[in-house]
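Per-entry structural report
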Amino acid sequence: MLDHLALSESGFLFDARTGLTYTLSRTGTFLLRSLIDGADAETLPERLVASYDVEPLVARRDIEQFLFRLSDIGVLRKDDSDEEVTA
Amino acid sequence: MSLTIAVTGMNATDNPGPGVAVIRAIRDACPDCTIVGLAYETLDPGNYMPGVADHAYLLPYPSVGVAALSERLLAIHALTPIDVLIPTLDAELPIWVRLQDFLADRGIATFLPDADTLALRNKDRLHELADLGVSVPDSVVLTDPTNIPKIADELGYPCVVKGRFYDAYVAQTAHDVAHWFHKLANAWGLPVIIQKFVPGTEFDVVCVGDGEGGLIGSVAMRKMQLTDKGKAWGGVTVRDRKLDAFVRDTIAALSWRGPCELEVMRGDDGGLYLIEINPRFPAWVYLSAGAGRNLPWAAVELALGRPVAPMPPAPAGVMFLRHSLDQILPLSDFEALTVRGEIHRAPVPEPAAAPSPPAPVATTATLTTFPTEFPA
Amino acid sequence: MSRLPKDPVVTRLPYEPPTIIAHKNGLANKFGGQSARRSLPRIEGVPVAELVERFGSPLFVFSEHTLRRTYREVHRAFSLRYPKVQLAWSYKTNYLDAVCRVFHDEGAWAEVVSEVEYDMARRNGVPGSQILFNGPYKPEPALRVAIEEGAHIHIDHHDELYTVEKIAKELGRKLPVTLRINMDTGIQPRWDRFGFNFDNGEALTAIRRLHTGGHLVLEGLHAHIGTFMLDPQAYARGTAKLAELALAAKRDTGVAVKTIDLGGGLPSRATLHGQYGPGADSKPPVDDYAEAITGALLAAGFPQDELPTLLLESGRALVDEAGFMIASVVANKRLANGTRAVIVDAGVNVLFTSFWYRHDVLPAEDHGGMLEEAVVYGPLCMNIDVVRPSVLLPPLEAGDAVVFRPVGAYNVTQSMQFIRLRPAIVMIGENKQVDLIRRSEHLDDLKGPELLPERLRP
Ligand SMILES: Cc1ncc(COP(=O)(O)O)c(C=O)c1O
């Protein structure tokens, strides 16, 4: 459902719908990749803590802000509707 | 072993940097040289043009300072060892000039003026060239608008009001001068330079000086077509003994070392006046190769300490017309430059074959300080 | 805290916060790992973390080593080229006793511009004969004390000239005085509000007047042509004019001037907001200034036995680099327009010079992660409290320390108790010993002088 996003290993993101490009940090890449692969936003903190050396509270806080930012800049807006992925 | 030559100024935009032209000239003379293109912007078209750079790298803006710029260059040098560096942009020159010895110690040759000679070409010091015997229009350097009334006596009207770095306006009255003075002082700071207006025709001359007063070669051009910024979009080489002599004398007076572009006015009074010196190759320098006087290649050879015989004056009537074209490029090239700061179209030399670490990705240094005098 | 490895069994990747940065078309835009990452874990070998733990945050830190080194560099540049050189420490730049005493220990006199600064210098053990008293306002009682103690009076205007003349008459002896001169040295702004003008002849007229009055003797000429002067040639022009005036005074009055004082104004390594690159890159070396000033003096044509003593009142160039401000991150924010903001506990209340300078700001520790441009705000509830409008920083957590530099000049003297009290100040000695040289303030330091009218008391 996020098939308008082309995200490479390097953290380079191309939004096919808008033509805009972005760079993401490694954890940012990890999280967005999970979303693109269909992960439920609820599960992101768990996934992040499993792979990265971070406390759950910090992970939750950072993910919340990250997702807010993704939707704020329009990356999560889907092609065919106004529906958005939110935390 | 083939040479590796690094060139800056890959901004082949509608107000182009000279890098692509310099590279094309070098390629004409040395088809198997390896070319490293050094760019300050991801979107500089020269990074993506086929047949231009074998390796394209991003540099931090000169505004980050000497330390950061040299550090980055050395990292590039470790990956693709550079024999000669030809910088082409005004804003970066003071830094490379300062780093000449530092670079030479690390095996990177340059052929540039020293800091004092470079400073002499600053607009507010151009009048000092008169002391060296170079004909320049009379001028006064203004720091205080209360002196504007004196211009009528000292220079007369009309006169040209010039900003410290850029911009020039013709003023007919003291009132005009006051207007432009404040505008230019706000844009570029003080001083503001007031130059006597010389009615006549402008010629641009690309030169390479040997640093000991000798002129290695020069090509004079008259603009035939201008962009809306007044830059050459087409031109033709000209030949004039008096102009040749003027150029030779100017380079001799300055003992200019390396490339430069002289802007010369032939006044309606028949006199020649030096209006400005740009301390680098101009964007139209490929014309020099076209006219059989490959000045970029001469600069490479001089940097390497090879003897270069002075070239006879270039023939008149060689014309150039610039054109623009739309280059199709893979998004992955853009990604490579954006994320890693480098594109490789040729193998990276042996010792450093390991891919550079993908790590720290950065946004640009302070946007608010984006150089007003950059790119050239 | 968040970075402590929690589970020793499973190895997890080092954490950095998730971030996304848009590539802005057409704007200066730089990605690719070419930006150097910088941090400053130690100041003069002492860990920043240790300093914060011992003395709190924010914290001003001065390096005694740098104070002495800079002083010696400047003194050496001039004394190598000219036989008679005396530096006078400009108190207003930083009048912490510990800082002043380091300079006095190195041999500096004092330059003061008020009776308060005068008293500070005296308390630091500086004899009157080694104090240069400048400034447009020296109350008469202060002038009398300074004259009594043999200080060098730098006269700023005609009214002061009359006052000093009156005092001389009363004392019944001739008093040596120095005149402050202003002139066009080709730079803007021109500081022509202080002293007597050279270019229109006011200065020479005043000298003749002073001489015929018979109560004062011209001892010296002084000019402070501006501050943070990036052009050594402005000093060459100023020196040449002072020398010309001195020789004209000799010709007209027969009195040879003993001192020529070029004031302060040498730049530090700070970076002005409008400056293109780092200030340290474009700042001419002190040798260029020394060459300009001493060259002009030696070329002026003074008879060998009447070569005046060269006085200098350098302030910022001596102290700026020795001063650091350690601050701590209070919070991270994202502004409505997407801009990253970092709030720290030191604002323009203690870093007043942020209005003019792009202070270098370095994290004490770089935990990795993507560099991103940020605006750095101070802790004040005021919109103007911006300490860096834009700087590239790695991700920072609340509690992380950052270091501002160089901040040794004018910040301590101009810091204020606005919204917050002023922080502690320490000095790191040559042997890395750390001493508290000013404790952080208490409420009583602020409220002590206040009196409450009887009717408002409970
Ligand atoms: C008379 C005088 N001397 C010296 C100084 C010190 O100046 P700086 O810190 O620029 O060296 C000042 C500063 O304003 C001054 O007014």
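Residues numbered from 1 in each chain as written. Chains lettered and ligands numbered in written order. Predicted model: local features only at pLDDT ≥ 70, side-chain atom pairs only at ≥ 80, totals over all residues. Heavy atoms only, no water.

1. Examining the overall build of chain A
Note the following rule: Each helix is a run of DSSP H or I of at least 4 residues and each strand a run of E of at least 2, with the numbering of both proceeding from the N terminus. Buried means the residue's accessible area, taken with a 1.4 Å probe over protein chains only, is under 20% of the maximum for its type, while exposed means over 50%, and partly exposed covers the values in between. Residue contacts are defined here by distance: any two heavy atoms, one from each residue, within 4.5 Å place the two residues in contact. Per-residue and other accessible areas were derived by the Shrake-Rupley procedure at a 1.4 Å probe size, with only the shown protein chains allowed to occlude residues.
A tally of regular secondary structure across chain A gives three helices and three strands. For chain A, the succession of helices and strands along the chain, N to C, is β-β-β-α-α-α. Residue burial in chain A is summarised as follows: out of 87 residues, 52% are buried. Contacts spanning at least 24 positions in sequence make up 38% of the contacts within chain A whose residues lie at least 6 apart. For chain A, the exposed surface amounts to about 4300 Å²; the carbon and sulfur share of it is 47%.

2. Side note on the overall build of chain C
From N to C terminus, chain C includes 13 helices and 21 strands. With the principal axes as the frame, chain C shows a C-alpha extent of 90 × 65 × 45 Å. Here chain C holds 458 residues, and 55% of them are scored as buried. For chain C, the exposed area adds up to about 19500 Å²; of that, 53% sits on carbon and sulfur atoms.

3. Thoughts on the site of the ligand
Residues and elements named next belong to chain C. The cut-off we apply is this: To be near a molecule or strand, a residue needs just one of its heavy atoms within 4 Å of it. Here a polar contact means two N or O atoms within 3.5 Å. Within protein one must be a hydrogen donor candidate and the other an acceptor candidate, and residues neighboring in sequence count only if both atoms are side-chain atoms.
Residues in close proximity to the ligand total 16 residues, the closest being T227, G265, E313, G315 and Y410. E313 is positioned with one of its side-chain polar atoms (N or O) 2.6 Å from a nitrogen atom of the ligand. Taking Y410, its side chain carries an N or O atom lying 2.7 Å from an oxygen atom of the ligand. Considered on its own, the ligand offers 400 Å² of accessible surface; in the complex 93% of this is hidden by protein.

4. Examining the packing of aromatic side chains
Selection criterion: Pairing of aromatic rings covers Phe, Tyr and the six-membered ring of Trp, with a centre-to-centre limit of 6.5 Å; geometry is then stacked below 30 degrees between planes, edge-to-face above 60, and tilted otherwise.
Across all of its chains, the model carries 14 aromatic pairs over all chains by this definition. Pairing A:F30 with A:Y52 gives two aromatic rings, centres 5.5 Å apart and planes at 75 degrees, and the pair type is edge-to-face. Taken together, the residues span a long stretch of sequence, with A:F30 in helix 1 (residues 26–36) and A:Y52 in the loop between helix 2 (44–51) and helix 3 (56–72) at a distance of 22 residues. Relative accessible area serves as the criterion here: at 23%, A:F30 is assigned to the partly exposed category. Accessibility expressed as a relative area gives 7% for A:Y52, which makes it buried. With centroids separated by 5.7 Å and ring planes inclined at 85 degrees, the aromatic side chains of C:Y235 and C:Y289 adopt a geometry described as edge-to-face.

5. Re the domain arrangement of chain C
Interface size, as often reported, equals the accessible area lost upon joining of the parts. Residue and element names in this part refer to chain C. Applicable threshold: The source of the domain bounds is an automatic or database domain assignment. Here the quantity called buried area is the accessible surface, traced with a 1.4 Å probe, that two parts lose on coming together, added over both.
Split into domains, chain C comes out as domain 1 (23–61 + 323–440) and domain 2 (64–320). A separation of 34 Å is found between the C-alpha centroids of domain 1 and domain 2. Contacts between the two partners involve 22 residues from domain 1, matched on the other side by 26 residues from domain 2. Between domain 1 and domain 2, roughly 2100 Å² of surface is buried when both sides are summed, and carbon and sulfur atoms account for 55% of that area. The three residues of domain 1 that bury the most area against domain 2 are Y357, R358 and Y410, which together make up 33% of that side's buried surface.

6. Focus on the packing of helix 8 (residues 232–253) of chain C against helix 10 (residues 286–299) of chain C
Residue and element names in this part refer to chain C. The following threshold applies: Axis angles are defined between N-to-C directions and span 0 to 180 degrees, where every axis is a line fitted to C-alpha atoms and, for a helix, only to the segment in contact. Throughout this description, any angle smaller than 35 degrees is read as roughly parallel, any larger than 145 degrees as roughly antiparallel, any in the 65 to 115 degree range as roughly perpendicular, and the remainder as oblique. When the near helix sits turned anticlockwise from the far one by under a right angle, the crossing is termed left-handed; a clockwise turn instead gives a right-handed crossing. Throughout, the ten residues Ala, Val, Leu, Ile, Met, Phe, Trp, Tyr, Cys and Pro are labelled nonpolar, Asp, Glu, Lys and Arg are labelled charged, and all others, Gly among them, are labelled polar.
At a minimum axis separation of 8 Å, helix 8 and helix 10 run at an interaxial angle of 20 degrees. What the angle tells us is that helix 8 and helix 10 run roughly parallel. As for the relative orientation of helix 8 and helix 10, their crossing is right-handed in sense. Mapping the contact onto sequence places P232, Y235, A236, T239 and A240 in helix 8 and D288, Y289, A292, I293, A296 and L297 in helix 10. When grouped by side-chain class, the residues that make up the contact of helix 8 with helix 10 number nine nonpolar, one polar and one charged.

7. Things to note about the packing of helix 5 (residues 140–148) of chain C against helix 6 (residues 158–171) of chain C
Residue and element names in this part refer to chain C. Here helix 5 crosses helix 6 at 55 degrees, and the two axes come no closer than 11 Å. It follows from the interaxial angle that helix 5 and helix 6 lie oblique. Here the hand of the crossing between helix 5 and helix 6 comes out right-handed. Contact residues: E140, L143, R144 and I147 in helix 5; E160, T163, V164, K166, I167, E170 and L171 in helix 6. Within the contact of helix 5 with helix 6, the residues separate by chemical class into five nonpolar, one polar and five charged.

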